[in-house]
Amino acid sequence: LVTGEYGWSANMERIMKAQALRDNSMSTYMTSKKTMEVNPEHPIIKELCKKADADSKDKTVKDLIWLLFDTSLLVSGFA
């Protein structure tokens, strides 16, 4: 998971959330947009794509994708 060039890093977001006298309006525009970079050649991603193409309404595939995203948030320090 990566952030934009001008947004806050995961550590800076954590520090700003911990501030006692913080302004809530400031946190809304300074939180960075998070981009999940995925290796399309990875076997897990290939299998998820196959399953998603087979049935686009499959709840299991959607749950697995959200699990992958939430895990990346935890690992990169944004959660």
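All values derive from a computational prediction rather than experimental measurement. (Residues numbered from 1 in each chain as written. Predicted model: local features only at pLDDT ≥ 70, side-chain atom pairs only at ≥ 80, totals over all residues. Heavy atoms only, no water.)

### Some remarks on the overall build of the chain
Phase 1 of the analysis: The helix and strand inventory of the chain stands at four helices and two strands.
Phase 2 of the analysis: When the helices and strands of the chain are placed in sequence order, the string is β-α-α-β-α-α.
Phase 3 of the analysis: Burial analysis of the chain (79 residues in total) assigns 14% to the buried set.
Phase 4 of the analysis: In the chain, the share of contacts with a sequence separation of at least 24, taken over all contacts with a separation of at least 6, comes to 59%.
Phase 5 of the analysis: Summing over all exposed atoms, the chain offers an accessible surface of approximately 6400 Å²; the carbon and sulfur share of this is 59%. (Helix = DSSP H or I, 4+ residues; strand = E, 2+ residues; numbered from the N terminus. Buried < 20%, exposed > 50% of the residue type's maximum accessible area, 1.4 Å probe, protein only. Contact = heavy atoms within 4.5 Å. Areas by Shrake-Rupley, 256 points an atom, 1.4 Å probe, with all protein chains shown as cover.)

### Quick look at the layout of surface pockets
Over the atoms, a rolling probe the size of a water molecule traces out where space has been left empty.
Phase 1 of the analysis: When its volume is computed, the largest pocket comes out at roughly 160 Å³.
Phase 2 of the analysis: Together, M36, V38, I45, L48, C49, A52, I65, L68 and F69 line the largest pocket.
Phase 3 of the analysis: Those elements that provide at least two residues to the lining of the largest pocket are α3 (43–54) and α4 (59–76).
Phase 4 of the analysis: Considering each element in turn, the lining of the largest pocket owes the most residues, four residues, to α3.
Phase 5 of the analysis: Classifying every residue of the lining of the largest pocket gives nine nonpolar, no polar and no charged. (1 Å grid on protein atoms, 1.4 Å probe; cavity = no way out; pocket = protein on both sides within 12 Å on 5 of 7 lines; lining within 4 Å. Points joined across faces, edges and corners; volume = space filled by probe spheres on them. Nonpolar A, V, L, I, M, F, W, Y, C, P; charged D, E, K, R; others polar.)

### Examining the side chain of S72
Phase 1 of the analysis: Among the secondary structure elements, S72 is positioned in helix α4.
Phase 2 of the analysis: Under the relative-accessibility criterion, S72 is labelled buried at 16%.
Phase 3 of the analysis: Look past the residues within four positions of S72 in its chain and what remains in contact with it is L1 and M36.

### Focus on the confidence of the model for the chain
Phase 1 of the analysis: Summary statistics for the chain give a mean pLDDT of 81 and a share of 84% for residues scoring 70 or more.
Phase 2 of the analysis: The secondary structure element of the chain with the lowest average pLDDT is helix α2 (residues 24–30), at 63, and the one with the highest is α3, at 92. (pLDDT = per-residue confidence, 0-100.)

### Looking at the pattern of salt bridges
Phase 1 of the analysis: The full count for this structure, using the stated rule, is two salt bridges.
Phase 2 of the analysis: The salt bridge partner of K46 is E41, with a shortest N-O separation of 3.4 Å.
Phase 3 of the analysis: For K46, a relative accessible area of 40% translates into the label partly exposed.
Phase 4 of the analysis: A salt bridge links K59 to D63, with the nearest nitrogen and oxygen atoms 3.4 Å apart. Placement of the pair is K59 and D63 together in helix α4, with a separation of four residues, close to one helical turn.
Phase 5 of the analysis: For K59, a relative accessible area of 57% gives the class exposed.
Phase 6 of the analysis: Look at D63 and you get partly exposed, because its relative accessible area is 39%. (Salt bridge = Lys/Arg side-chain N within 4 Å of Asp/Glu carboxyl O.)

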